[in-house]
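The residues making up each chain are set out below.
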Amino acid sequence: MTRDEAEPIVRSMFEIVLNRPIGTDEELSRETEGGWDSVRHIELLFMLEEEFGFTFTEDEMADLNTSGEIVDKVVARTSDQQ
Amino acid sequence: MFPPAGRIGKLAEQVSATDAEVCLARAEWQRVLFAPAPRRHEILKLRPTWPLRNVRLRVHRNHGFEPVASVLEKYLAYTGLAVEVAYSAYDDSLSLSTPGPADVELIWLDFSRLVAIGGAEELAAWALERIEALRGKSPAPILFTDAAGDLDRAAEFNAQLRELTGNLPGVHICDLGQLHAQLGPAFFDERTLATSGTRMSNAACVQAARWLGSRWLPAAVAPRIKALALDLDNTLYEGVLGEDGPEGVRLTDAHAALQRRVVELGAEGIFLALCSRNEPADVERLLAVRTDFPLRPEHLAATEVSWGPKADAVRRIADKLRIGTDAILFVDDNPGELAAVASAIPVSTLYAGPTGADSVAALNWYPRLFRWRADETDALRTGDLTASRVREDLAAKAPDKAAYMRSLGVRLQFSRNVQGELERLSALSNKTNQFNLSLSRCSPVDLAQLLAEPGNSAIAIRLSDRLSDSGIIGTMLTRRDGAALIVEDFCISCRALGRDLEDVMALEAIRAATDGLDGIRHVRFHPAVGPRNQPARDWLDGFAGETGRSDPQGWVTVNWDRSAADDLVERMPVIVEHRDPGKQEQSA
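Here is what the cut-offs are and how they apply
- Residues numbered from 1 in each chain as written.
- Chains lettered and ligands numbered in written order.
- Predicted model: local features only at pLDDT ≥ 70, side-chain atom pairs only at ≥ 80, totals over all residues.
- Heavy atoms only, no water.
- Helix = DSSP H or I, 4+ residues; strand = E, 2+ residues; numbered from the N terminus.
- Rg over C-alpha atoms; globule rule 2.2 N^0.38 Å.
- Buried < 20%, exposed > 50% of the residue type's maximum accessible area, 1.4 Å probe, protein only.
- Areas by Shrake-Rupley, 256 points an atom, 1.4 Å probe, with all protein chains shown as cover.
- Contact = heavy atoms within 4.5 Å.
- Buried area = accessible area lost by both parts, 1.4 Å probe.
- Salt bridge = Lys/Arg side-chain N within 4 Å of Asp/Glu carboxyl O.
- Nonpolar A, V, L, I, M, F, W, Y, C, P; charged D, E, K, R; others polar.
- Phe/Tyr/Trp six-rings, centres within 6.5 Å; stacked < 30°, edge-to-face > 60°.
- Lys NZ or Arg CZ within 6 Å of the ring centre and 35° of its normal.
- Pairing = 2+ DSSP bridges.
- Axes fitted to C-alpha atoms, helices over the stretch in contact; angles between N-to-C directions.
- Right-handed = clockwise from strand over helix to strand, strands pointing away.

Draft legend 1. A look at the overall build of chain B. In terms of regular secondary structure, chain B is built from 22 helices and 18 strands. Scaling as 2.2 N^0.38, a compact globule of 588 residues should have a C-alpha radius of gyration of about 25 Å, and chain B matches this with 26 Å. Each principal axis of the C-alpha atoms in chain B carries an extent, and together these give about 75 × 65 × 45 Å. Expressed as a percentage of the 588 residues in chain B, the buried residues total 56%. For chain B, the accessible surface area stands at approximately 23800 Å², while carbon and sulfur atoms represent 52% of it.

Draft legend 2. Main features of the interface of chain B and chain A. On the side of chain A, 18 residues touch chain B, which itself brings 16 residues to the contact. Around 1600 Å² of area is buried between chain B and chain A when both sides are counted, 60% of it from carbon and sulfur atoms. In terms of surface lost to chain A, no three residues of chain B exceed His41(B), Arg191(B) and Thr195(B), which account for 42% of the buried area on that side. Residue Glu49(A) pairs with Arg191(B) through a salt bridge whose shortest N-O separation is 2.6 Å. Every element with two or more residues in the side of chain B that touches chain A is listed here: α3 (40–44), α4 (66–79) and α8 (193–196) of chain B. Across the side of chain B that touches chain A, the residue classes tally to three nonpolar, six polar and seven charged.

Draft legend 3. The packing of aromatic side chains, seen in detail. Residues and elements named next belong to chain B. The final tally for this structure, using the stated rule, is 21 aromatic pairs over all chains. Arranged with centres 6.2 Å apart and planes meeting at 45°, the rings of Phe 111 and Phe 144 form a pair that is tilted. Of this pair, Phe 111 sits in the loop between β3 (104–108) and α5 (120–137) while Phe 144 is found in strand β4 (residues 142–145), placing the two residues 33 residues apart along the sequence. A relative accessible area of 0% places Phe 111 in the buried class. Of the residues examined, Phe 144 reaches a relative accessible area of 0% and is grouped as buried. Site record: aromatic cluster; members linked through ring pairs are Phe 435, Phe 490, Phe 525, Trp 539 and Phe 543. Directly above the aromatic system of Trp 211 lies the positively charged group of Arg 215, at a separation of 4.7 Å from the ring centroid. Cation over ring: Arg 215 sits above Trp 365, and NZ or CZ is 3.8 Å from the ring centre.

Draft legend 4. The arrangement of the sheet that holds strand β7 (residues 271–276) of chain B in detail. All names here are of chain B. Strand order across the open sheet formed by five strands is β8-β7-β6-β9-β10, with parallel pairing between neighbours. Each of the sheet's edge strands pairs with one partner strand only, and the pair in question is β8 (302–305) and β10 (348–351). Averaged over all pairs of adjacent strands, the angle between strand axes in this sheet comes to 20°, irrespective of strand direction. The pairing of strand β6 (residues 227–230) with strand β9 (residues 328–332) spans four bridges and is parallel. Each residue of the ladder has a partner; that of Leu 228, found in β9, is Leu 329.

Draft legend 5. Examining the pairing of β4(B) more closely. Residues and elements named next belong to chain B. Side chains Ile 142 and Phe 144 of β4 all project onto a buried face; the interleaved residues Leu 143 and Thr 145 project onto the opposite face, where all are buried too. Bridge analysis of β3 against β4 gives three bridges, and the strand direction is parallel. Its bridge partner being in β4, Ile 107 is matched across the sheet by Phe 144. For the crossover from β3 across α5 to β4, the handedness is right-handed. Across four bridges, β4 lies against strand β5 (residues 171–174) in parallel orientation. The residue bridging Thr 145 from the neighbouring strand is Cys 174, located in β5.

Below, the structure is given as structure tokens:
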């Protein structure tokens, strides 16, 4: 999966868990996004696992802190699957 | 603490959908909520477009519940409930802080954190002690999720817990162990503990939310569905009766499973009715010749087959069953029919998918069908209804009313303060509408508290005759106030109405309640005005007669004259029995 393919899917998942529209150029960070708490974080990762069919490692769960990092991880992991 | 009010107001502002639109939107939700493996990202996308009633859920926990709560919110929204969750801190000692009222108390434990307490026996005793402590602080229903394989001898603990709590009113053990058995090792996901505060996997959290939101919580806070009104063509079988003929319609495996599920619900006390646009003769022949159908004519409490509007047919079914249309779940494969019925009458609707398999899942998970435990009257209802039709024939043929009553051998049995009957008496208090005099809507806990005071009574009234055993069909709740017996409530199931037994039920219930109470000279009632309880209020007017006195506070007082009551009851051709409380086991 390319970044262009992954990015809108990840964004739609963010919109569900944060309950607000996310702009196409908006970069989200756990530091600055108030609603992105640990519960929303785990929900987001669960949803991505459901959607893409892979599982994050415990370290990845702890270390993914921005929307860009998550998109990159999705691209890498879906490429691994192929 | 619960979150501040306001969320429901926002929802209410958004609600502008018509009943038909809501019905169709809810049909869309079915695919997501009742899927074999429901998915979090599909569930969380759902947004209700209908008004919701607030339910306050207080969670006493030692591990994370939040990954369950977000999904639970959607399942409860489907039921029409907006859940507000108040959390305890993570607390292995379960100290049970209860600031403010709650509608439901949920005890949510990771038992692997509690091994220091001891083995299964010690842990069950500890759980019982904590449940009783919570009961001392809150009258709300208590749900306790059992051990889900996260404990050595979990099955033994779960069995002991059920045994210890079996007779506690308003306490329900939620079978999370069964979900663990279904998911196996996939129930746990150790990766997530640090982030989510629970070892439960995503799948386990989503499925637990479904159990809580579709079964356990609705059973604790919402009235149960009383009847299914079922379409025939492409709902209970594949094909169209008018085109394929009775022998030509196809009972697929999925439709057979659906019919078996329907029969199962019938055995659990839900009336089954057919609601079909067809030729009545065709349906009669279908039921006669398709002996391979699990759903048989004897399972049906009503059959409405015509070419008229289905809303009218559902109304007639409600009349026949003596229930409100809002207690009926109308099942049809045609969204247009569902929408038309929903826009005409208050009714619950369920879309029957084309294959039958979706409908099986929907009837497994549709809220307000689950009940915690079998009620002895559940299995009696349909037989009782059939018997009522035979009674009507007998009444028409009998020379007079007394002869008719004698021919039936009507028997009324009265019992007082029996702990094991409190759940049933609470169900009567909450489910009856037409004959519910004071609308007190008592929970089992309310009844247990009533009986904690000496001189108070909860009378159970059983009815049977040679045609059927109706089980417990009435209750009178009383307390003493000086020389007066206060009737807190008097409720009779609609199945027992129309037989001129109300007076004798009242008099004998009062007799049972005053047994051992000297000096009772008056009986006082406080009727409440509800939308449907006019029959109960009319009865009281007649019962009080010219000698009864009403006061501006709404109390109706009648003199209590035991001998006059004896005379009246003696003239009634019914057999009256009082079960001796001294000889009853489990007497409260």
